Amino acid sequence: FLETAAYFCMKPKMGEKEVSPHSFFSIWHEFSSDFKDFWKKENKLILQERVKEAEEVCRQKKGKSLYNIRPKHDSGIVSKNCSDT
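Residues numbered from 1 in each chain as written. Predicted model: local features only at pLDDT ≥ 70, side-chain atom pairs only at ≥ 80, totals over all residues. Heavy atoms only, no water.

Asks: An account of unusual backbone geometry is requested, with residue identities and associated values reported.
Replies: In this structure, Cys-9 is a non-glycine residue whose phi angle is positive, near 55°. Residue position: Cys-9 is located in the loop between α1 (2–7) and α2 (21–63). Since its relative accessible area comes to 62%, Cys-9 is described here as exposed. (Helix = DSSP H or I, 4+ residues; strand = E, 2+ residues; numbered from the N terminus. Buried < 20%, exposed > 50% of the residue type's maximum accessible area, 1.4 Å probe, protein only.)

Asks: Quick one: what's the story with the packing of aromatic side chains, residue by residue and with numbers?
Replies: Summed over the entire model, instances satisfying the criterion amount to 10 aromatic pairs. Seen in terms of ring centroids, Phe-24 and Trp-28 are 6.4 Å apart; in terms of plane orientation they differ by 5°. Their pairing is stacked. Within this pair, Phe-24 and its partner Trp-28 are both found in helix α2, separated by 4 residues, close to a single helical turn. Residue class for Trp-28 comes out partly exposed when judged on its relative accessible area of 39%. With 6.1 Å between their ring centres and 25° between their planes, Phe-35 and Trp-39 make a pair best called stacked. Of the two residues, Phe-35 and Trp-39 both sit in helix α2, 4 residues apart, roughly one turn of that helix. One aromatic cluster is present, formed by Phe-1, Tyr-7, Phe-8, Phe-24, Phe-25, Trp-28, Phe-31, Phe-35 and Trp-39 through successive ring pairs. (Phe/Tyr/Trp six-rings, centres within 6.5 Å; stacked < 30°, edge-to-face > 60°.)

In structure tokens:
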């Protein structure tokens, strides 16, 4: 614990000889809860952006025809019979 506190440059409060676990983890708890809140907000924004992109892709695909319509050619049996008469 003391090595971890020294790694994060924690100094004991006035009147204490060493960093107490209570003071270290109270600061750590605040940091981690703030980080979690920001993480959730950022993930929510990313999700909204991805939903908008997916909706745009769907709109573009719906705008395009899924199949092509070709004009009829007059080369079938019926057209040959009609032209003979």
